[in-house]
Amino acid sequence: MIMKVLFYIAFLLIFSNMVSAQQYVQTIKGVITDKDSKEALIGANVLLLGSDPINGTTTDVYGNFVLNEVPVGRHTLFVSYVGYSDKNIPEILVTTGKIVHINIVLTQNLTQIDEVKISASAIDKDKSINSMATISTRKLNMEDASRYAGGFYDASRMVSSFAGVTAVEGDGVNDIIIRGNSSRGLQWKLEGIEIPNPNHFTDGQGGTGGAVSIISSKMLSTSDFFTGAFPAEYGNATSGIMDLNLRTGNTGKQEYAFQLGVVGTEFCLEGGFTKNSRSSYLINYRYSTFGFLSKIGLIDLGNNNLPPVFQDLSTKLNFPTKKAGTFSFFLVAGQSNTGTQAIKDSAQWLMEPDLNYFENENHKMAIAGFKHFYLFPRNKTSIKTDIACTYQSDEWKDGYLTNGYENFYNYNNYFNYPTLRANILLNSKINARNVFRAGITQSWLGFDMFYRKYNYDNIKYDTLVNQNGFSSMTQAFVQHKYRFSKKTEMNIGMHYLYLHLNGNSSVEPRLGIKHYLNNKLTFNFGFGIHSKAEAISGYMAQMQMPDGQWNAINKNIEFGKAAHTVIGCDYNISKNWRIKTEVYCQYLYNIAESADTNSVISSINFGHGIPDLELINNGIGYNYGVELTLERFFNQGYYILYTTSIFDSKFRAPNGKWYNTSFNSGYVGNLLVGKDFKIGRNNQNVIGINTKCVLRGGYRISHINRELSIANQDIEFDEQRYNENKLPDFLRFDLGAYFRINKLSYSYIVSLDIQNTINRKNTLWYQYSKTKNDIVPVEGLGLIPILNFRIEF
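Residues numbered from 1 in each chain as written. Predicted model: local features only at pLDDT ≥ 70, side-chain atom pairs only at ≥ 80, totals over all residues. Heavy atoms only, no water.

A.B. asks: Tell me what's going on with the pattern of salt bridges, and back it up with residues and numbers.
C.D. replies: Summed over all chains, the structure comprises 33 salt bridges. Arg721 is paired through a salt bridge with Glu724; the nearest N and O atoms lie 2.7 Å apart. In this structure Glu724 comes out as partly exposed when scored by relative accessible area, which is 39%. Residues participating in the shared-partner salt-bridge network are Arg74, Glu143, Asp144, Arg147 and Asp676. (Salt bridge = Lys/Arg side-chain N within 4 Å of Asp/Glu carboxyl O. Buried < 20%, exposed > 50% of the residue type's maximum accessible area, 1.4 Å probe, protein only.)

See below:
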């Protein structure tokens, strides 16, 4: 019913706006800075290419510029500044509903005669915003998160289209598997500081994914995503870094946005505190609609399923000053809960035994932060300070109703993590050749944890975790970028990590080299040692000793480590086409594994959870592979992105034998194609169509002993054939379409995202079925239509 209503509204809006005679205009604002020092470039020239009459301006004393009377559509800016490489910024989307704000960085020439024009070619368009990055990095343009089919306004789902990256299951969750590594190896950062898992309906302890991102891509600015050999300033991660930045609200004009869709409702407001102020605010709030749709009977969740309910709030306040630098405050908070409720009717239990079963999941996450950026006199050295309080809370309850309608818990647990982090980063640009960067991060880690599980063998409850207290972690780094010439640069550094909980430490060298053979071809190299601490609950988990006592025997587990080596090549086929390839080898060592020498259990295969066995750091493994990206960046109304990866991922088990890791799917390929069509009398409205196809090998699974499973009425694996088999290959098509309509003072978008268009229900796992008395596949989601209406004014 709701789909029909939304389709009807969409049809009326689209039909009534097919023709528009008036030429609409908007404003482009921005700031231009030095790429390395972040110095504001005063007097830089900005020109709107193709404008008639010529529309251009120069930056003010703060590096800001304003271009008025820019026609609605897509445009290219040309930016120049004496002593710096020129730059074109193509395909800037201008709409009536929102002022455009862009941040532009220019690279200083080594000599005054070293004038090299950078035309935002294929080599340049996805360059990291971190000037120290050389390889295995991708700049995230948040317009792509809403453009890519199946993107769901989620940065995690967007990066799953990149080479070497897969989703953990592909349906329903957004965990990121990078180059065959567990998703536990990923680190999330926001505004330069490490944060807890920023997702609703999180996986569990140590997990980094969930169902829906708490931070909407509409709140994010251009960000960085690293898949290996990351620079020295990044630590406590072994597979990748998601380095997110909140965008700054537009100054001056007050702007609003409202979005209504099948998944949720969203409201956003931003603007300057006063008309002429450079300070601004940005606020975004979302609330899921599943509960409302269930109550009015528009969706059927089944007899005892609770609707997945979530809400989140994101805010950023920005205060530039004339002499004291820029102050900003940010807040991100989210809450989600779901599960099943038991039916209090024992007569129904006889027909459907699961109706007396209940499960409740509650998740909370909050970040409150302060950031200060100060550029010292002479504009060569800057200091950035971040302080953030974070809080993460996970609670699970599982059990059933007894015949007396009392709750009996199979398990009952909660995990609360209040944390305070402080980060100071000093950046100094000595000259055009030399840039030094150093920093220190101190984290105070609080914990309050309880995990109780019923032991059916001994007919009693076992308390696996019951701890509270504080610990801390210290990180420090130093790195140096040296430009040998306009074609060659090197980044070298060192990262230090220390966990006060058990005194474990790690010193990690990093190296990156980039060489521009010519304007079309670039060679890259990266090497680094990386390590990551376990989740606090993993150190505190208790086991029962032979004397009956319960002890946290894994408290002294050391960091798992990975040595990354990557060689890459970027070739700029033409202005908008590029091909990129990387070859990598990762040696994993010091991995926590079972102390039982007959076991096959290694934390290399853990996605989340708490270990219930003794661990030692004897594990090793490796990942190696080749990645290929063929890309046509968005230009002339269309884009193409094809990525593929072929890789192998193995580990040595405690029994001394080598096995496939659980994430060794062997290959993955993505094809994304999108096209925009201009319509209306002045071509001011747009219809866009986007498609995505993903095909990858199935994740690994041990051989299933079917006969024993049927006999025990539970799935039983043959651990002697650990990870020998594979799940069926994963195949999925997504299709998205949108209609953007521009009016004089507002614009709106009607979009339809059809996920899993061919309704293929991929096999995610296997389970024993009592009704069929056999092993049956656990299937993923079928076709999912997501309809949205968004208005910006």
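A.B. asks: So, the pairing of strand β15 (residues 223-226): which residues are in play, and what are the values?
C.D. replies: Of the two faces of β15, the one holding Ser223 and Phe225 and the one holding Asp224 and Phe226 are both buried throughout. Here strand β8 (residues 137-140) runs beside β15; their pairing, made up of four bridges, is antiparallel. Counterpart to Arg138 in the pairing with β15 is Phe225. Pairing geometry for β15 and strand β16 (residues 240-244), over three bridges, is antiparallel. Within the sheet, the bridge partner assigned to Phe225 lies in β16 and is Met242. (Helix = DSSP H or I, 4+ residues; strand = E, 2+ residues; numbered from the N terminus. Pairing = 2+ DSSP bridges.)

A.B. asks: For the side chain of Ser751, give the residues involved together with the corresponding values.
C.D. replies: Its location among the elements puts Ser751 in strand β44 (residues 747-755). The class of Ser751 is buried, set by a relative accessible area of 13%. Those residues within four positions of Ser751 in sequence are excluded, and the remaining contacts are Tyr153, Ala737, Tyr738, Ile786, Leu787 and Asn788. (Contact = heavy atoms within 4.5 Å.)

A.B. asks: Tell me what's going on with the state of the cysteines, and back it up with residues and numbers.
C.D. replies: Tallying each qualifying case throughout the model produces zero disulfides. This cysteine, Cys585, is not joined by any disulfide, and Cys569 carries the nearest cysteine sulfur, 19 Å off. (Disulfide = S-S within 2.5 Å.)

A.B. asks: How would you sum up the sheet that holds β8? Please name residues and give values.
C.D. replies: Strand order in this open sheet of five strands is β8-β15-β16-β11-β12, and the pairing throughout is mixed. Since the sheet does not close on itself, it has two edges, and those belong to β8 and β12 (193-194), each with one partner.

A.B. asks: Pulling in residues and values, what's your account of the environment of Gln187?
C.D. replies: In this structure, Gln187 sits in strand β11 (residues 186-190). Through-space distance from the C-alpha of Gln187 to that of Phe436 is 24 Å; in sequence the pair is 249 residues apart.

A.B. asks: Talk me through the sheet that holds strand β5 (residues 73-80); I want residue IDs and the actual numbers.
C.D. replies: Where strands meet in a sheet, backbone hydrogen bonds hold them as pairs that are either parallel or antiparallel. Here four strands make up an open sheet; going across it, the order is β3-β2-β5-β6 and the pairing antiparallel. Where the open sheet ends on each side, the last strands, each with one partner, are β3 (55-58) and β6 (87-94). Each neighbouring strand pair of the sheet contributes to a mean axis angle of 20°, computed without reference to strand direction. In terms of strand pairing, strand β2 (residues 45-48) meets β5 through four bridges, oriented antiparallel. Residue pairing in the sheet places Asn45 in a bridge with Ser80 of β5. (Axes fitted to C-alpha atoms, helices over the stretch in contact; angles between N-to-C directions.)

A.B. asks: Before we move on, can you summarise the nonpolar core with the specific residues and values?
C.D. replies: Of all hydrophobic cores here, the largest spans 36 residues; its most connected members are Phe162, Leu190 and Phe225. Sequence-distant contacts of Phe225, defined by excluding residues within four places in its chain, comprise Ser136, Thr137, Arg138, Leu140, Val159, Phe162, Val165, Ile176, Ile178, Leu186, Ile241 and Met242. Counting residues in hydrophobic clusters, the runner-up holds 23 residues, among them Trp396, Leu499, Ala533 and Met540. (Core = buried A, V, L, I, M, F, W, Y, C linked by side-chain atoms within 4.5 Å.)

A.B. asks: Could you give an account of the packing of aromatic side chains, with specific residues and numbers?
C.D. replies: Scanning all chains against the criterion turns up 31 aromatic pairs. Ring geometry for Phe651 versus Tyr722: centroids 6.0 Å apart, planes at 80°, classification edge-to-face. Note that Phe651 is positioned in strand β35 (residues 638-652) and Tyr722 in the loop between β41 (717-718) and β42 (725-726), a separation of 71 residues in sequence. With a relative accessible area of 0%, Phe651 lands in the buried category. With relative accessibility at 14%, the residue Tyr722 sits in the buried group. Clustering of aromatic rings is evident, with ring pairs tying together Phe273, Tyr281, Phe319, Phe327, Phe329 and Phe370. In this arrangement the basic side chain of Arg278 is found over the ring face of Tyr62, its NZ or CZ atom lying 3.6 Å from the centre. Between Arg452 and the ring centre of Tyr461, over which it is positioned, the NZ or CZ distance is 4.2 Å. (Phe/Tyr/Trp six-rings, centres within 6.5 Å; stacked < 30°, edge-to-face > 60°. Lys NZ or Arg CZ within 6 Å of the ring centre and 35° of its normal.)

A.B. asks: Could you give an account of the pairing of strand β23 (residues 381-401), naming the residues involved and the relevant values?
C.D. replies: Inspection of the sheet shows strand β22 (residues 357-375) paired to β23 by 19 bridges, in the antiparallel sense. The partner of Gly369 across the bridge, within β23, is Ala388. In sequence, β22 turns back onto β23 through a hairpin of five residues, with Arg378 there showing a positive phi of about 80°. In this sheet, strand β24 (residues 407-429) lies alongside β23 in antiparallel orientation, the contact comprising 21 bridges. The residue of β24 that forms the bridge with Trp396 is Asn413. Here β23 folds back onto β24 in antiparallel fashion, the turn holding five residues, of which Tyr405 has a positive phi close to 60°.

A.B. asks: If you had to explain the confidence of the model for the protein to someone new, which residues and values would you point to?
C.D. replies: Across the protein, the average pLDDT comes to 90, with 94% of residues at 70 or higher. Every residue in residues 115-123 is under pLDDT 50, and counting partners more than four places away or in other chains gives 36 contacts. (pLDDT = per-residue confidence, 0-100.)

A.B. asks: Give a description of the side chain of Asn199 that names residues and reports values.
C.D. replies: Looking at the element boundaries, Asn199 is found in strand β13 (residues 199-200). The buried category is assigned to Asn199, whose relative accessible area is 2%. Here Asn174 takes part through its side chain, which lies 2.7 Å from a polar atom of the side chain of Asn199. Sequence-distant contacts of Asn199, that is, excluding residues within four places in its chain, are made with Asn174, Trp188, Thr208, Gly209, Gly210, Val212, Ser213 and Ile214. (Polar contact = N/O pair within 3.5 Å; in protein donor to acceptor, adjacent residues only side chain to side chain.)

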